[in-house]
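Take a look at the letters that make up each chain.
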Amino acid sequence: MAITYELIKTCKQTGARLGKVHTPHGSFETPMFMPVGTLATVKTMSPEELERMGAQIILSNTYHLWLRPGEDIIEEAGGLHKFMNWNGSILTDSGGFQVFSLSDLRKIEEEGVHFRNHISGEKLFLSPEKAMHIQNALGPDIMMAFDECPPYPAEHKYMKDSVERTSRWAERCLEAHKRPHDQGLFGIIQGGEYEDLRRQSARDLTSMDFPGYAIGGLSVGEPKDVMNRVLEFTTPLMPDQKPRYLMGVGSPDSLIDGSIRGIDMFDCVLPTRIARNGTLMTSEGRLVVRNAKFARDFRPIDENCDCHTCRNYSRAYIRHLVKANETFGFRLTTYHNLYFLLNLMRQVREAIREDRLGDFREEFFEMYGFNKPNAKNF
Ligand SMILES: [Zn+2]
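Overview of the structure. (Residues numbered from 1 in each chain as written. Predicted model: local features only at pLDDT ≥ 70, side-chain atom pairs only at ≥ 80, totals over all residues. Heavy atoms only, no water.)

**Topic: the overall build of the protein**
- Along the protein, the regular secondary structure elements total 15 helices and 16 strands.
- In terms of overall dimensions, the protein is globule-like: its C-alpha atoms have a radius of gyration of 20 Å, near the 21 Å expected for 378 residues.
- Reported as C-alpha extents along the three principal axes, the dimensions of the protein are approximately 60 × 45 × 40 Å.
- Here the protein, with 378 residues, has 58% of them falling under the buried criterion.
- Nonlocal contacts in the protein, meaning residues at least 24 apart in sequence, comprise 66% of its contacts between residues at least 6 apart.
- Carbon together with sulfur atoms contributes 48% to the accessible area of the protein, which is approximately 15,800 Å² in total.
- Averaging the coordinates of the 47 positive side-chain charges in the protein and doing the same for the 51 negative ones gives two points 5 Å apart. (Helix = DSSP H or I, 4+ residues; strand = E, 2+ residues; numbered from the N terminus. Rg over C-alpha atoms; globule rule 2.2 N^0.38 Å. Buried < 20%, exposed > 50% of the residue type's maximum accessible area, 1.4 Å probe, protein only. Contact = heavy atoms within 4.5 Å. Areas by Shrake-Rupley, 256 points an atom, 1.4 Å probe, with all protein chains shown as cover. Lys, Arg positive; Asp, Glu negative; His and termini not counted. Charge placed at Lys NZ, Arg CZ, Asp CG, Glu CD.)

**Considering the sheet that holds strand β8 (residues 113-116)**
- In spatial order, the strands read β7-β8-β9; together these 3 strands make up an open sheet with antiparallel pairing. Of all strands in the sheet, those bounded by a partner on one side alone are β7 (107-108) and β9 (123-126).
- For β7 and β8, the ladder comprises 2 bridges, and the chain directions are antiparallel. Each residue of the ladder has a partner; that of Lys107, found in β8, is His114. (Pairing = 2+ DSSP bridges.)

**Some remarks on the side chain of Ser314**
- Relative to the elements of secondary structure, Ser314 occurs in the loop between α12 (308-312) and α13 (315-323).
- With a relative accessible area of 14%, Ser314 lands in the buried category.
- Not counting the four nearest positions on each side in its chain, Ser314 is found in contact with Asp297, Phe298 and Arg299.

**So, the pattern of salt bridges**
- Applying the stated criterion to the full structure yields 25 salt bridges.
- With a shortest N-O distance of 3.2 Å, Arg244 and Asp240 are connected by a salt bridge.
- The partly exposed category is assigned to Asp240, whose relative accessible area is 49%.
- The closest approach of N and O atoms between Asp297 and Arg315, which form a salt bridge, is 3.0 Å. (Salt bridge = Lys/Arg side-chain N within 4 Å of Asp/Glu carboxyl O.)

**Some remarks on the pairing of strand β6 (residues 89-92)**
- Residue alternation in β6 divides its side chains into two sets, Ser89 and Leu91 and Ile90 and Thr92, and both sets are buried.
- Two elements, strand β5 (residues 57-60) and β6, share 4 bridges in a ladder whose sense is parallel. Bridge pairing in β6 links Ser60 to Thr92.
- Both β6 and strand β10 (residues 142-144) contribute to a ladder of 2 bridges, which runs parallel. Paired with Thr92 across the strands is Met143, a residue of β10.

**Thoughts on the coordination of the zinc ion**
- Summarising the metal site, the zinc ion is bound by the protein donors Cys305 (SG), Cys307 (SG), Cys310 (SG) and His336 (ND1), whose distances to it range over 2.1 to 2.3 Å.
- With 4 donor atoms in place around the zinc ion and angles of 100 to 116 degrees between them, the coordination shape is tetrahedral.
- Each donor residue of the zinc ion lies on the same chain, and together they follow the pattern C-x1-C-x2-C-x25-H. Within this pair, whereas Cys307 is found in the loop between β16 (285-288) and α12, its partner His336 is found in helix α14 (residues 327-353), the two being separated by 29 residues in sequence. Both residues of the pair, Cys307 and His336, belong to the buried class. (Donors = N, O, S within 2.8 Å, 3.2 Å for Na, K, Ca; no water. Tetrahedral: all angles 85-135°; square planar, octahedral: opposite > 155°, others 65-115°.)

**What to know about the environment of His320**
- Locating His320 in the fold gives a position in helix α13.
- For His320 and Ser207, which are 113 residues apart along the polypeptide, the C-alpha to C-alpha distance reads 55 Å.

**Things to note about unusual backbone geometry**
- A cis geometry characterises the amide bond from Arg68 onward to Pro69, with omega recorded as 5 degrees.
- Following the sequence through the fold, Pro69 ends up in the loop between α2 (62-67) and α3 (71-76).
- With omega at -5 degrees, the peptide bond leading from Tyr152 into Pro153 counts as cis.
- Note on placement: Pro153 falls in the loop between β10 and α7 (156-176).
- In the Ramachandran plot, Ser219 falls in the positive-phi region, its phi being about 60 degrees despite a non-glycine side chain.
- With respect to the helices, strands and loops of the structure, Ser219 is situated in the loop between β12 (212-215) and α9 (224-234).
- Positioned with a positive phi, Asn325 is a non-glycine residue whose angle comes to about 60 degrees.
- Tracing the backbone through its elements, the reader meets Asn325 in the loop between α13 and α14.

**Digging into the environment of Gly192**
- Along the polypeptide, Gly192 turns up in the loop between β11 (184-189) and α8 (195-206).
- Taking the C-alpha atoms as reference points, Gly192 and Cys149, separated by 43 residues in sequence, lie 8.9 Å from one another.
- Residues in contact with Gly192, not counting those within four places in the same chain, are Met159, Arg198 and Val230.

See below:
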């Protein structure tokens, strides 16, 4: 098996899991946050910087790499790890989510999905077999099954048909996967907010014995309490001895609440995207560095943070760079936000080890301001 999971312990206070995922490119501790490097780069960060900040696994997007530069070029380079000079673990998604979120004029058939390239307008077709072929060429440690990610909200009838098709596609993915010895394929449990459909999807997929499972179709616009409720009834349906990945979730509160509900892996573009906008996550909540009040503020972004940015640069300097659209400013803000989330997950793992994740959640939410009425999401 390319991917194995080791459960170290569960938190007595919350049930959260402390574990390790072993991959052909090393092991990473869980719960873990995976920075997103859509086009084989985490925007503005070098692989050396990612390693220095403690990233152990990153995510890349099949859809984008398929369109440019093309999976054949990456295969010729010796795979994604060599192409981008990243020696840690890599997970790629299946391209399904981008087909459903970026392209218009898509048409879903049993065979696959017809759609238009969001850059050139060219007609394209993606299917379970094609998604496996591309990911086998890219060569990540973990690849994802091709699924449909329906919008929120979706009617029960639509969702049921979609879940059943996703199960049939998952079987075709397993059959088409050519490198199970060195690439682990994860199945994706869908079903929206419907407990019966999540149950059906989990039953179908766990019977196929994937080396890991993801929960898809969350963080697509539903309220936080809906997400938490879905996690509460879905994670108990997933095998204990395999990793569990919650797709597309990366706000600090959701990382903690997801861990408490038994999730091991998370990814999201949120920290890097808001960084390029000058918004920072800090131990005292959100900080919008463009604000005029920081013009003469020579303190670090986060006085409790020991990242490279906070040890060396001031709010005033970073504000100036971001306002002047200087690339270096975006590098500094991106570094801090990723470090902040990786460090948050280190604290979550420590709290699980010491059976106090519930207390940690209370303290963190209080400090960050999540307990205030009208609190922002991140
Ligand atoms: Zn920092």
